[in-house]
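Okay, here's what each chain looks like letter by letter:
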Amino acid sequence: MQRILGQLLLISFAVIIVAPLLIVLFTIFKTNSEFFSNPIAFPKHATLENIEQLFTKQTMLRYFWNSAYVTLTTVIAELVLSTGIAYAIMRYGKSKIAALLFSLFALGLMIPSQVNMIPIYSLLRELSLTNSHFGLIIVTLSILMPLSVFMLTGFVKTLPKEIIEAAEIDGASEFRLFAQIVTPLMAPFLATTAAFLFVIVWNDLLFPMLLLVEKSKLTLPLALIQFKGEYITNYPLLMTGVIVTALPMIVMFVFLQRYFIAGTLAGSLKG
Amino acid sequence: MKKHLRLLEFILPGLILYAVLFMYPTISALYYSFTNWDGLSPSYQYVGIQNYEKVSKDIIFNKSLTNNIKFMLFVVIVQTVVSLILALQIYKKSKLNVFYRALYFLPTILSSVSVGFIWTFIYDSNLGALNKVLSMIGLEGLTQSWLGNPSLAIFSIAAVQAWAHIGQMAVLFIAGLQSIPPELKEAAIIDGASTFRVFYHITWPLLAPAAAIVVSYTTIQSFKAFDLVFTMTGGGPNYSTEILSTYVYSSAFLNYSFGKAATASVYFLILIAVITFIQFKLLKTDRVSY
């Protein structure tokens, strides 16, 4: 009895998750006129018109490129910078510098972006870095640094100390230790952190919205916001935008699931 | 000491960036909160605590605060309870359970903008699936203007926040549940303990740390739920879904009162600090290990 109840529960929740997504998926294959007569069910005359229209009327490839460029650059640079800091925190061992450095970044976890977005915006305007991907990238790097330093410090502390000490006794320089010993050992953890950061940067709205103005520079979430203004009366087309922009992430999730899930675990432990 | 200096090259690039683009702006937010800057003009004046008085008396600020608390309570309770119940069903290793976990996790990877648009569509009073399905199964009485009804809208959005993050929180509970040695439960069951007693006396005490993480993570998340509100209602109707983060945003970038926005953000920061501190104190004490 308890087992049946349990299964029922799991299936009901699966329906709650999947049903809205399926309805959206059906919608993108309907013309606007079919949608009005048949808003929920499977399309009777499936059409690819919406997808075609989206790609011909919008510079979709440009938006994809912008998002990919900003996300990849940010995630890679973030990993390089934060792994360096996490490595230094580990190497300082139990000294006060390690504790100070760690708390400096951990403190940043508590500060919501709404607190520093105003000064960041005016600082970037003074530096003429608004409306540039470079500006967005350096801002995102600094905003996500507390999170990534926190995650990577947690990971780096689990590495076997003997290997590092042995290499140190053999006379390896600090840079060699970092590049040839620690970084390879960190590989799975770097992948986990990367997956977690990737989702955040790819989906980010606030700072791209503040900093990017020109249409040719927009990232996908911003492009979606813009479609909403244009297609307010055309749900099939708007939902096509939603699905098309989510597709790369869904494909990645299917293949790299365990990194996403491990990333959530490590990233949420910051609470 | 030499080693300490050599490590500097690993720290400095990140630290400089963090100092310039994170710490300095955070401190200047504090500074701006004592000025009447509009965000554009080159000159502004020091106005003391005037902004703090104004903001704390501002009806919309107080409304945002109340809305934010409603939103938080709804999300924290629903998300924690549902994800725990689901986790208890799927924490054991099996192919089907792994499938369920991935399925429940799926909305987490979608952008809040996408999630917001999907649900604006589902909630649409005329064309949305929710009202259509309710009428189809004979529950016309329950059809609603989900985002247009001022006393309901904030909860409609909170439900979406929970929909998107329950799977993520289930992952945390599953990790907690998997760390409990199964022999403990088996022994209790052999001794004749009921399912409820096993949960209450064995599972729960060991699960408390995971629950603490879920609750505090969810709390912070629900204060940061800017994207969803922004895409679904923009704070309306009549400020009924305005929360602190959207209030700060619109004060700064729609009404150009940076000083006031900075002040609201300082209040926002204090609130988060207090909540985090209380939760830390409350939840840190009851850690158990066998």
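Note that the coordinates shown come from a computational prediction; the quantities given were computed from them, not determined experimentally. (Residues numbered from 1 in each chain as written. Chains lettered and ligands numbered in written order. Predicted model: local features only at pLDDT ≥ 70, side-chain atom pairs only at ≥ 80, totals over all residues.)

1. Considerations on the overall build of chain A
Along chain A, the regular secondary structure elements total 12 helices and 0 strands. When the helices and strands of chain A are read in sequence order from the N terminus, they spell out α-α-α-α-α-α-α-α-α-α-α-α. The principal-axis extent of the C-alpha atoms belonging to chain A is close to 75 × 65 × 30 Å. Burial analysis of chain A (271 residues in total) assigns 44% to the buried set. For chain A, the share of sequence-separated contacts (at least 6 apart) that also reach a separation of at least 24 residues comes to 74%. (Helix = DSSP H or I, 4+ residues; strand = E, 2+ residues; numbered from the N terminus. Buried ≥ 20, exposed ≤ 12 C-beta atoms within 10 Å, placed from the backbone. Contact = placed C-beta atoms within 7 Å.)

2. Quick word on the confidence of the model for chain B
All names here are of chain B. Averaged over chain B, the pLDDT score is 86; the fraction of residues at 70 or greater is 96%. Per-element mean pLDDT across chain B ranges from 79 in helix H8 (residues 182–190) up to 93 in helix H5 (residues 112–123). Counting interchain partners and residues more than four positions distant, the pLDDT-below-50 stretch residues 285–290 has 7 contacts. Here the complex is predicted with pTM 0.88, and the ipTM for its interfaces comes to 0.87. (pLDDT = per-residue confidence, 0-100.)

3. Here's the deal with helix H4 (residues 95–105) of chain B
Among the residues of H4(B), those classed as buried are Tyr100(B), Arg101(B), Tyr104(B) and Phe105(B). Taken down its axis, H4(B) places every buried residue within 130° of arc, on the same side. Along H4(B), the residues that are exposed and aim more than 90 degrees away from the buried face are Lys95(B), Leu96(B) and Phe99(B). Taken together, the buried residues of H4(B) touch helix H1 (2–27) and helix H12 (235–268) of chain A together with helix H3 (59–90) and helix H7 (153–178) of chain B. (Arc of directions from axis to C-beta.)

4. Some remarks on the interface of chain A and chain B
Quite often, the size of an interface is put as the accessible area lost when its parts meet. Counting from both sides, the interface comprises 66 residues of chain A and, opposite them, 67 residues of chain B. Breaking the side of chain A that touches chain B down by element, the ones donating at least two residues are H1, helix H4 (60–91), helix H5 (96–108), helix H6 (113–126), helix H7 (133–156), helix H9 (174–203), helix H11 (220–230) and H12 of chain A. Looking at the side of chain A that touches chain B, the element that brings in the most residues is H12(A), giving 14 residues. Tallied by class, residues from the side of chain A that touches chain B come to 49 nonpolar, 14 polar and 3 charged. (Nonpolar A, V, L, I, M, F, W, Y, C, P; charged D, E, K, R; others polar.)

5. Section: the confidence of the model for chain A
Confidence in the prediction for chain A averages 88 pLDDT; 99% of positions are at 70 or higher. The element-level mean pLDDT for chain A is lowest in helix H2 (residues 32–37) of chain A, coming to 82, with H4(A) highest at 93.

6. Structural notes on the environment of Tyr18(B)
Mapped onto the fold, Tyr18(B) is located in helix H1 (residues 2–32). Residues contacting Tyr18(B), with those up to four places away along its chain left out, are Ser142(A), Met145(A) and Met23(B).

7. Thoughts on unusual backbone geometry
All names here are of chain B. Look at Asn238: it is not a glycine, yet its phi comes out positive at around 50°. Following the sequence through the fold, Asn238 ends up in the loop between helix H10 (226–232) and helix H11 (244–253). One non-glycine residue, Tyr239, adopts positive backbone phi at about 60°. Considering the arrangement of structural elements, one finds Tyr239 in the loop between H10 and H11. Judged by the 17 C-beta atoms lying within 10 Å of it, Tyr239 is partly exposed.

8. Re the nonpolar core
Ile118(A), Ala170(B) and Phe173(B) are the most contacted members of the largest nonpolar core, which has 159 residues in total. If one sorts the elements of this core by residue count, H7(B) sits on top with 15 residues. Each residue touching Ala170(B), except ones within four places of it in the same chain, is listed here: Ser83(B), Leu86(B), Ala87(B), Arg101(B) and Tyr104(B). (Core = buried A, V, L, I, M, F, W, Y, C linked by C-beta atoms within 7 Å.)

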